[in-house]
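Inside the fold
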Amino acid sequence: MRSKFSQSRRSVPSLNVASMPDLIFTVLFFFMIVTHMRSDEVKVRLQVPQGSEVQKLANKQAVVNIYIGHKGEAWHVQLNNDIVQPGDIPARIEEIRSGLSQENQQRLTVSLRVDKKAPMGLVSEVKRQLQKAYALKINYSATEIKK
């Protein structure tokens, strides 16, 4: 007579992994669709200031990025992918605005990413040029302070 507690010699059933490649490709496609890659190549060095009340932008389709940082010894202004002079900003903003839909033209937001040691005169000049281009929605970028 066999005891209930004796170990039987049954083998563990094998695991069917035939659908594993399908699962891997599905997850890969999901991340490819959901992930947003950076569209600008930052050509200036900058250290963004930190803040405690940081919020993310909702509509990134109508965002123009302006970076103010240093390249070598001089301070430079980068609008999207090109280094520009502050006086060139209104024409460039109008060029960008003309390529947007009517709805996004009204939502156009300028995201300023400024080095925390940048001269305030340069930042003021960029803001003055943005006023000339009627780009009045300005967002200042910062990194969130970790608590």
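Structure: above.
About the cut-offs
Residues numbered from 1 in each chain as written. Predicted model: local features only at pLDDT ≥ 70, side-chain atom pairs only at ≥ 80, totals over all residues. Heavy atoms only, no water. Helix = DSSP H or I, 4+ residues; strand = E, 2+ residues; numbered from the N terminus. Contact = heavy atoms within 4.5 Å. Areas by Shrake-Rupley, 256 points an atom, 1.4 Å probe, with all protein chains shown as cover. Buried < 20%, exposed > 50% of the residue type's maximum accessible area, 1.4 Å probe, protein only. Core = buried A, V, L, I, M, F, W, Y, C linked by side-chain atoms within 4.5 Å. Phe/Tyr/Trp six-rings, centres within 6.5 Å; stacked < 30°, edge-to-face > 60°. Expected span 1.5 Å × (residues − 1). Arc of directions from axis to C-beta.

**Let's talk about the overall build of the protein chain**
Within the protein chain, the secondary structure is distributed over four helices and seven strands. Nonlocal contacts in the protein chain, meaning residues at least 24 apart in sequence, comprise 72% of its contacts between residues at least 6 apart. Carbon and sulfur atoms form 54% of the exposed surface of the protein chain, whose accessible area is close to 11,500 Å².

**As for unusual backbone geometry**
One non-glycine residue, N80, adopts positive backbone phi at about 55°. The topology assignment puts N80 in the loop between β3 (74–79) and β4 (82–84). On the basis of relative accessibility, which here comes to 21%, the residue N80 falls in the partly exposed class. Its identity is not glycine, yet Y134 carries a phi of approximately 55°, on the positive side.

**Here's the deal with the nonpolar core**
As a rule of thumb, soluble globular proteins bury nonpolar side chains together. Judged by nonpolar contacts, the single largest core of 19 residues is most densely connected at I66, I68, V77, I89, I93, V126 and L130. Listing elements by their share of this core, those giving two or more residues are β2 (63–71), β3, α2 (89–98), β5 (109–114) and α4 (120–132). Residue contributions to this core peak at four residues, all from α4. Apart from residues lying up to four places away in sequence, V126 is in contact with I66, I68, V77, I89 and L112.

**What to know about the packing of aromatic side chains**
One pass over the full model with this rule turns up one aromatic pair. Ring geometry for F30 versus F31: centroids 5.3 Å apart, planes at 70°, classification edge-to-face. Given a relative accessible area of 47%, F30 falls into the partly exposed group. Accessibility expressed as a relative area gives 47% for F31, which makes it partly exposed.

**Re α4**
For α4, which comprises 13 residues, the first-to-last C-alpha distance of 18 Å matches the rise-based estimate of 18 Å (1.5 Å per residue) to within 8%. Three or more residues of α4 are buried, namely L122, V123, V126, Q129 and L130. Along α4, the residues classed as buried sweep out an arc of 125° about the axis, all on the same side. For α4, the exposed residues lying more than 90 degrees away from the buried face are M120, G121, Q131 and K132.

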